[in-house]
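Coordinate inspection notes
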Amino acid sequence: QVQLVESGGGLVQPGGSLRLSCAASGSIFSINVMGWYRQAPGKERELVAVITGGSSTHYADSVKGRFTISRDNAKNTVYLQMNSLKPEDTAVYYCNVMQPPRNYWGQGTQVTVSS
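Here we take up the sheet that holds strand E3 (residues 18-26). A sheet is described by the order of its strands in space; here four strands give the open sequence E1-E3-E8-E7, paired in antiparallel fashion. At either end of the open sheet lies a strand with only one pairing partner, and these are strand E1 (2-7) and strand E7 (67-72). The average undirected angle you get between the axes of adjacent strands in this sheet is 15 degrees. Taken together, the six bridges between E3 and strand E8 (residues 77-82) define a ladder with antiparallel strand orientation. The partner of cysteine 22 across the bridge, within E8, is valine 78.

Turning next to the packing of aromatic side chains. Overall, the coordinates contain one aromatic pair when judged by the stated rule. Judged by centre distance (5.0 Å) and plane angle (65 degrees), the rings of tyrosine 37 and tryptophan 105 are edge-to-face. Of this pair, tyrosine 37 sits in strand E4 (residues 33-39) while tryptophan 105 sits in strand E10 (residues 102-105); the two residues are 68 residues apart in sequence, bridging distant segments of the chain. The partly exposed category is assigned to tryptophan 105, whose relative accessible area is 35%. The ring centre of tyrosine 79 lies 4.4 Å from the NZ or CZ of arginine 19, which sits over that ring. A cation over a ring is seen here: arginine 45 above tyrosine 94, with NZ or CZ 4.0 Å from the ring centre.

Each value, and the rule that gives it
Residues numbered from 1 in each chain as written. Predicted model: local features only at pLDDT ≥ 70, side-chain atom pairs only at ≥ 80, totals over all residues. Heavy atoms only, no water. Pairing = 2+ DSSP bridges. Helix = DSSP H or I, 4+ residues; strand = E, 2+ residues; numbered from the N terminus. Axes fitted to C-alpha atoms, helices over the stretch in contact; angles between N-to-C directions. Phe/Tyr/Trp six-rings, centres within 6.5 Å; stacked < 30°, edge-to-face > 60°. Buried < 20%, exposed > 50% of the residue type's maximum accessible area, 1.4 Å probe, protein only. Lys NZ or Arg CZ within 6 Å of the ring centre and 35° of its normal.

Here's what the structure looks like:
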């Protein structure tokens, strides 16, 4: 059983930055895949970034060069550093842990980019 708790969302102006955190607890193993998804109003949930247990990363084209995903295995925590934020980044952001055969999700945190 795994629980994910997200934090760090909020309101920011275009060009600003936010750092999201997602802490995992329970029967978690360090060798897994963690990631961030987002869902904007009226849109489907989309992959933002993923990071493997070996710290290999993948980013959606829309955020590449602006966002950075990282993990701290000692803390069982995954982070998403978001820089140069744009209004189109506005969405609910969800963290995810894939530990086959299970798939776990955080509660979601709102990110709003507006002037």
